[in-house]
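Summary of structural features
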Amino acid sequence: SQRVTFRPVDVKMGPDGAIYIADWYNPIIQHGEVAFRDPRRDHEHGRIYRMVATNRPLQKPVSIYGEPIENLLELFRHPVDGIRHAVRVELSARNTDEVIQKAQAWVAKLDPKKKEDALPMLEILWLHQQHNVINRPLLVKVLSSPEYQARLAAQKVNFFWSGKDTFKPAKSEA
């Protein structure tokens, strides 16, 4: 924006793939040099900008909340980070034993040597971490992934799990 009142305060990626920018629209930059009761302060206005790529369609909506665990696990193959993150958030609120049992059955079907299975396996590893369930065999598989990003992320999980075998163990390890 060319306006001096433009104060972007937050930016998020929307479920449609657009970028949303919240603008407080205030003529005063708050660094303490202007009194809180200054009449130029705008307490009523704000704007939200929506930015989209004009050369491609918007992302199709994906149903996540309230979906069966099996459907959510399949979404770990989705190419959009925000979708996979929302799935992890949804599954983190579900029953740990049920989620981990179904996740381990699902991840057992993946091939740790295939590049296209590296990210879904990492997502399942993170799911274990979110539920405080250590799964060292899965960790070893992801640590030997053909994708270096998955290996790096697994090293962080390894760091957090080192010396923490007091966590609830998985019922059946992958």
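It should be noted that the structure appears before, not after, this text.
Quantities reported herein were computed from a predicted structural model and do not represent experimental measurements. (Residues numbered from 1 in each chain as written. Predicted model: local features only at pLDDT ≥ 70, side-chain atom pairs only at ≥ 80, totals over all residues. Heavy atoms only, no water.)

**What about the pairing of strand E1 (residues 8-13)?**
- Burial runs low along E1: only zero of the six residues are buried.
- As consecutive antiparallel partners, E1 and strand E2 (residues 19-23) are separated by five residues, and within that stretch glycine 17 has a phi angle of approximately 90°, a positive value. (Buried < 20%, exposed > 50% of the residue type's maximum accessible area, 1.4 Å probe, protein only. Helix = DSSP H or I, 4+ residues; strand = E, 2+ residues; numbered from the N terminus. Pairing = 2+ DSSP bridges.)

**Concerning helix H5 (residues 136-143)**
- Here H5 has its buried residues at Leu138, Leu139 and Val142. Viewed along the axis of H5, the buried residues span an arc of 100°, placing them on a single side of the element.
- Packed against the buried residues of H5 are helix H3 (96-107), helix H4 (118-130) and helix H6 (148-161).
- The opening residue of H5, the one whose side-chain oxygen lies 3.1 Å from the backbone nitrogen of leucine 138, is asparagine 135. (Arc of directions from axis to C-beta. Contact = heavy atoms within 4.5 Å. Polar contact = N/O pair within 3.5 Å; in protein donor to acceptor, adjacent residues only side chain to side chain.)

**Some points on the sheet that holds E2**
- Within the open sheet, the three strands sit side by side as E1-E2-E3. Their pairing is antiparallel. Unpaired on one side and paired on the other, E1 and strand E3 (47-51) mark the two borders of the sheet. Strand-to-strand twist in this sheet, taken as the mean axis angle between neighbours without regard to direction, amounts to 20°.
- Of the strand pairs in this sheet, E1 and E2 are connected by five bridges, and their pairing is antiparallel. From the neighbouring strand, methionine 13 faces E2, where its bridge partner is isoleucine 19. (Axes fitted to C-alpha atoms, helices over the stretch in contact; angles between N-to-C directions.)

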